[in-house]
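Each chain is listed here by its residues.
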Amino acid sequence: MELKGLTYEEVKERRKQGLTNAYASHKTKTLREIIIENLFSLFNIITLGIIVLVLFFYMKFGDVRLLLDSIGIFTIVVINTSIALYQEIKAKRALDKVNLLFKREVVVIRGGEKKSIDRKDIVKDDIIELKRGDQVVVDGTVASSRHLEVDESLLTGESVPVEKAVGTVLLSGSFCVSGLGYYKAEKLGAESHANSVTNLAKKYKFTLTPLQKRINTILKVLFGVALILTAIEIISYNTASHPVYTFTDHIRKIATILISLVPQGLVLTASITFAIGVYRISKTGAIVQKLNAIESFSNVEYVCMDKTGTLTENKLKTRSVINVSGKYFNDEVNRLLGAFVYHSTEKNATIEALEHLSNKEGEYVNEMPFSSASKMSLLELNIGGEVMIFVFGAYDMLAQKTGTKISELNAIFGENKLGIYRNLLFGRVTNFESLENITEEILPKMEIMPLAIVSITDTVRKDVFDAITLFQNNGIKFKILTGDSPEAVKAVLNEIGWNVHIDSMVTGNMLDAMNGEEFRDAVFGKTVFARLKPEHKLKIIKTFRKEKKHTAMIGDGVNDLPAIKSADIGIAMEEGSAITKEVADIVLLKNKFSLLPKIFDEGNKIVNSVSAIAKLFLTKNFLVIFLTLISLLPFIDFPLTPRRVSLLNVFSIGLPAFIITLKNNNVSKCRNFVVDVFSFVITSSFIITLATVSSQYVLYKYSGLPAPELNMSLMTILVILAVVNFFIVASESGETKRIYYYYGIFLIALFVLLAGFNIDFSVLNILRTFYELIHLNFINWIYILVITATFAMMLAAAHKIRERYINN
């Protein structure tokens, strides 16, 4: 039955009725989602609890310091949240723009003609074409089926393809793995299955990157330490006598500990850094469909890649058709091959390369579409009243079924030096009368009369060598996972200058014969995996992940989909199948392999930026921990208050972190994040704590400062040493040092303006009062400069020694 589809008048009428697929299914977060997630983050809720606690005691005791403390804490929350919102919305808009370049179209039949339209333009009752690699985009029923097989694993978790006959239901989110069909659109937009189940299309998987796992561990530890220190402070206050230390001071100290150690700043700056990375990469022509994908790629230890359509351009050309029938003339063989091409349901790249031979001879009877598992397709045709079954598939697999002809075929193969090409065998099946009851289990018994060896050439991508060089220079292991023959793969690799020894190659059949330990050894020891089925690729990826190896999979076809889904990061080419692009974490527009080095560098920028920010943030955290513990001693004061620690956050973390996030260009690979960060943090926080305690002793003994001026002097020393700490972090980045130093000097000048000069200006007076800043006289500044200069040199020297030690 010929499908006519809707008329254009019927389409127009349905649009008027609102029966369209124009549902706002976002590949990125909506503005509403971004705002809600940032406003009601876990850290904002915790901080709000601290504010409520402080306000409660303000209302109970009436101490205005508590009211101002709550305002100070709230101000920092507003600033942090505003910055996060701005950067994430900026990244979203950049992604939305580049997503417009990512065409998501379907073929429909309207007015008896096929037409390509955007998914959102589908209307109810449209007839939609479904071929291999296409995703079912709306719910409907099958209107026509030629061996249509659909994978519903994204819906049910069951990966066995289901054959769909006319009248059966198709659910959005499933995809075609074989055959050809048409279905009638019934449930569209928000009513479709994929959209009703929490927008399945964008939630196939979520994998934490190594950096995110480290940050999460740090967050848990800091939160636990905050609770322990709070408990220690409560016990200390209730068990010791405090002639000067009031209950209000006690509450302010608890609030200071909590807001200092609740790790909002680190999470915020990490999220901003991710967002900025996505924004930069989106401008180069890659679609990033998962916020952490860029950083994830920079942590990859193994890259697995398909050959066809990935290493090569998937623009196949016919190199030769060699008649091996011994029975037919060349024209007759070409005519039969052309009939096979014309009547084949699936027009894959190989069939398209033979399109010049296509002819309408014969009538279609039945077929078994191409399968990645069997590496062949079969077609039953009625030619001149005679029913014939033809087979077309991988040469090395089908040649085994030609009986005594195999030696003759191999001789022709060798004489023509065909090993460097992608070779297929076209033949006639001699022992099957019909395909009616033939299954893949019966195919091994097939007997073939060979008709032609078809050799196909492919073009290596011009920019692929840069990507491979990138991987090799960074110690990343590279694996080729392909369904092609070992010889064809080796020829392609030789063309790009990568000589792979035959001992480094293994086939799918060889893998099948291995036990678990042998399979694992092959996965890690071999480089080229040829003649693979999709389940082989998936098993290889799972082996890497089982061994905790961060793995990327790059592919373009349906046969790559299970591996792309399972990998830590999946990358697809723009010209790949629709479903593969939907599931991938990154899509390379225009199939530009040259984007991979840029993504890798951007990932390293993210890791290095977060590393630098973590050093600043955790130095302040450890400093608060050390000061809290030391303040338990009767002769040591705790110099911080909620408002002062908020000001310290601005000078030691907030502003420095902001400039690092925007200006960091360090693309070197961070080899040991944890050792580097924590060795830095412990060194800095110990020396700054030592400076604080020593300063308290010196200033108290030799200057006789009263408590307010003494605490102000200690605060000044902390701020200056925090900026020196920023200088040291900047010097380790190796890039754009000058701007970091200018920025640090600006921070010191800004603080000196507030605390060093008694300028009578209303705005400055308000800031001084709010942040409890007291004017210090010239003698005090002399003490401060001598102390900070001494400990700044100690800090720089200690880090030189630390850096030399960890780099050895």
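These figures come from a predicted structure and were not determined experimentally.

A. Inspection of the pairing of strand S12 (residues 376-383) at higher detail. For S12, a buried count of seven out of eight residues is recorded, marking the element as mostly surrounded by other parts of the structure. With six bridges joining them, strand S11 (residues 363-371) and S12 adopt antiparallel strand pairing. Residue pairing across strands places Glu363 opposite Asn382, the latter belonging to S12. Counting the residues between successive antiparallel strands, the hairpin from S11 to S12 contains four residues, one of them, Lys375, with a positive phi of roughly 65°.

B. Examining the sheet that holds strand S17 (residues 505-507) more closely. Read from one edge of the open sheet, eight strands run S8-S21-S20-S19-S9-S16-S18-S17, paired in mixed fashion. Edge positions in the sheet fall to strand S8 (286-288) and S17, since each of these pairs with one other strand and no more. Shown here is a sheet whose adjacent strand axes are inclined to one another by a mean of 20°, direction ignored. Note: strand S16 (residues 477-481) against strand S18 (residues 528-530), two bridges, orientation parallel. Directly across from Leu481, in S18, lies its bridge partner Phe529.

C. How the structure looks around the pattern of salt bridges. This model, assessed by the stated rule, comprises 31 salt bridges. A salt bridge links Arg252 to Glu772; its shortest N-O distance comes to 2.9 Å. Here the residue Arg252 occupies a position in helix H8 (residues 247-261), and Glu772 occupies one in the loop between helix H28 (762-770) and helix H29 (778-807), the gap between them amounting to 520 residues. With relative accessibility at 6%, the residue Arg252 sits in the buried group. Of the residues examined, Glu772 reaches a relative accessible area of 17% and is grouped as buried. Across the pair Asp484 and Lys307 runs a salt bridge, and its minimum N-O distance is 3.0 Å. Taken together, the residues Asp484 in the loop between S16 and helix H17 (486-495) and Lys307 in helix H11 (residues 307-311) connect sequence positions 177 residues apart. Accessibility classification places Asp484 together with Lys307 in one group, the buried group. One network of salt bridges, with partners in common, ties together Asp69, Arg252, Arg643 and Glu772.

D. Representation of the packing of helix H3 (residues 42-61) against H8. In contact at an axis separation of 10 Å, H3 and H8 are set at 170° when each is read in the N-to-C sense. Taken together, the axis directions place H3 and H8 in an arrangement best described as roughly antiparallel. Across from Ile50, Val54, Phe57 and Phe61 in H3, the residues of H8 making contact are Phe247, Ile251, Ala255, Leu258 and Ile259. For the contact of H3 with H8, the residue count by class is nine nonpolar, no polar and no charged.

E. Fine view of helix H19 (residues 516-525). Where H19 is concerned, the buried positions are Phe519, Ala522, Val523 and Phe524. On its buried face, H19 sits against strand S9 (302-305), S16, helix H18 (508-512), S18 and helix H20 (534-546). For H19, the N-terminal capping position is held by Asn515, with its side-chain oxygen 3.2 Å away from the main-chain nitrogen of Glu517.

F. Geometry of the nonpolar core. Counting 131 residues, the largest nonpolar core has Phe297 and Phe471 as the members making the most contacts within it. Sorting elements by how many residues they give to this core places helix H23 (residues 595-630) first, with 18 residues. Counting residues in hydrophobic clusters, the runner-up holds 29 residues, among them Ala522, Met553, Val558 and Ala584.

G. Quick peek at a nonpolar patch on the surface. A cluster of nonpolar side chains, Leu31, Ile35, Ile36, Leu39, Phe40 and Ile45, forms an exposed patch at the surface whose accessible area comes to about 540 Å². Along the chain, the position of Ile45 falls in helix H3.

H. Examining H28 more closely. Regarding H28, the residues found buried are Leu764, Arg768 and Phe770. Note on H28: the residue one or two positions beyond its end, Glu772, has a positive phi of about 60°.

I. Region of the structure containing the confidence of the model for the protein chain. When pLDDT is averaged along the protein chain, the result is 84, and 93% of the positions lie at 70 or above. Below pLDDT 50 for its whole length, residues 198-205 participates in 27 contacts with residues either more than four positions away or in separate chains.

J. Local environment of empty space enclosed by the protein. Applying the stated criterion across every chain yields a total of two cavities of 30 Å³ or more. Taken together, Leu616, Thr619, Lys620, Leu623, Leu648, Ser652, Ile688, Leu718, Ala722 and Asn725 form the lining of the largest cavity. When residues of the lining of the largest cavity are traced back to their parent elements, those giving at least two are H23, helix H24 (642-663) and helix H26 (707-733). Per-element accounting of the lining of the largest cavity gives the leading share, four residues, to H23. Residue composition of the lining of the largest cavity, by class: six nonpolar, three polar and one charged. Here the second largest cavity defines a volume of roughly 40 Å³. Lining of the second largest cavity is provided by Thr273, Ile276, Gly277, Arg280, Glu602, Lys605, Ile606, Ser609 and Thr661. The set of elements that each furnish at least two residues to the lining of the second largest cavity consists of helix H9 (264-282) and H23.

K. Focus on the packing of aromatic side chains. Throughout the structure, instances matching the rule amount to 20 aromatic pairs. With 6.2 Å between their ring centres and 80° between their planes, Phe392 and Phe426 make a pair best called edge-to-face. Of the two residues, Phe392 is situated in strand S13 (residues 386-394) and Phe426 in strand S14 (residues 422-429); the sequence distance between them amounts to 34 residues. For the residue pair Phe392 and Phe426, the accessibility class agrees, reading buried in each case. Judged by centre distance (5.3 Å) and plane angle (70°), the ring pair of Phe727 and Tyr741 falls under edge-to-face. Taken together, the residues Phe727 in helix H26 and Tyr741 in helix H27 (residues 737-755) connect sequence positions 14 residues apart. Taken together, the aromatic side chains of Phe56, Phe57, Phe61, Tyr237 and Phe247 make up a single cluster linked through ring pairs.

L. Fine view of unusual backbone geometry. Phi angles above zero are rare outside glycine, and Lys375 is one such case at about 65°. Considering the arrangement of structural elements, one finds Lys375 in the loop between S11 and S12. Non-glycine residue Lys417 carries a positive phi angle of around 50°. Positionally, Lys417 belongs in the loop between helix H15 (406-415) and S14. By relative accessible area, which is 66% here, Lys417 ends up exposed.

M. Just the sheet that holds S11, in detail. One open sheet holds the six strands; their spatial order is S10-S15-S14-S13-S12-S11, and the pairing between them is antiparallel. The sheet terminates laterally at strand S10 (317-323) and S11, the two strands that pair on one side only. Averaged over all pairs of adjacent strands, the angle between their axes in this sheet comes to 20°, without regard to strand direction. Here helix H12 (residues 330-343) sits on the sheet in contact with S10, S11, S12, S13, S14 and strand S15 (448-457), set at roughly 105° to S12. Packing against the sheet, H15 makes contact with S10, S14 and S15, and its axis sits at approximately 20° to S15.

N. Just the environment of Glu732, in detail. Topologically, Glu732 is positioned in helix H26. As a C-alpha pair, Glu732 and His799 span 67 residues in sequence and 9.7 Å in three-dimensional space. Beyond its immediate sequence surroundings of up to four residues, Glu732 is in contact with Lys615, Asn666, Phe680, Arg802 and Glu803.

What counts as what
- Residues numbered from 1 in each chain as written.
- Predicted model: local features only at pLDDT ≥ 70, side-chain atom pairs only at ≥ 80, totals over all residues.
- Heavy atoms only, no water.
- Buried < 20%, exposed > 50% of the residue type's maximum accessible area, 1.4 Å probe, protein only.
- Helix = DSSP H or I, 4+ residues; strand = E, 2+ residues; numbered from the N terminus.
- Pairing = 2+ DSSP bridges.
- Axes fitted to C-alpha atoms, helices over the stretch in contact; angles between N-to-C directions.
- Salt bridge = Lys/Arg side-chain N within 4 Å of Asp/Glu carboxyl O.
- Parallel < 35°, antiparallel > 145°, perpendicular 65-115°, else oblique.
- Contact = heavy atoms within 4.5 Å.
- Nonpolar A, V, L, I, M, F, W, Y, C, P; charged D, E, K, R; others polar.
- Polar contact = N/O pair within 3.5 Å; in protein donor to acceptor, adjacent residues only side chain to side chain.
- Core = buried A, V, L, I, M, F, W, Y, C linked by side-chain atoms within 4.5 Å.
- Patch = residues over 30% accessible without salt bridge, like charges linked within 9 Å, V, L, I, M, F, W, Y side chains within 5 Å.
- Areas by Shrake-Rupley, 256 points an atom, 1.4 Å probe, with all protein chains shown as cover.
- pLDDT = per-residue confidence, 0-100.
- 1 Å grid on protein atoms, 1.4 Å probe; cavity = no way out; pocket = protein on both sides within 12 Å on 5 of 7 lines; lining within 4 Å.
- Points joined across faces, edges and corners; volume = space filled by probe spheres on them.
- Phe/Tyr/Trp six-rings, centres within 6.5 Å; stacked < 30°, edge-to-face > 60°.

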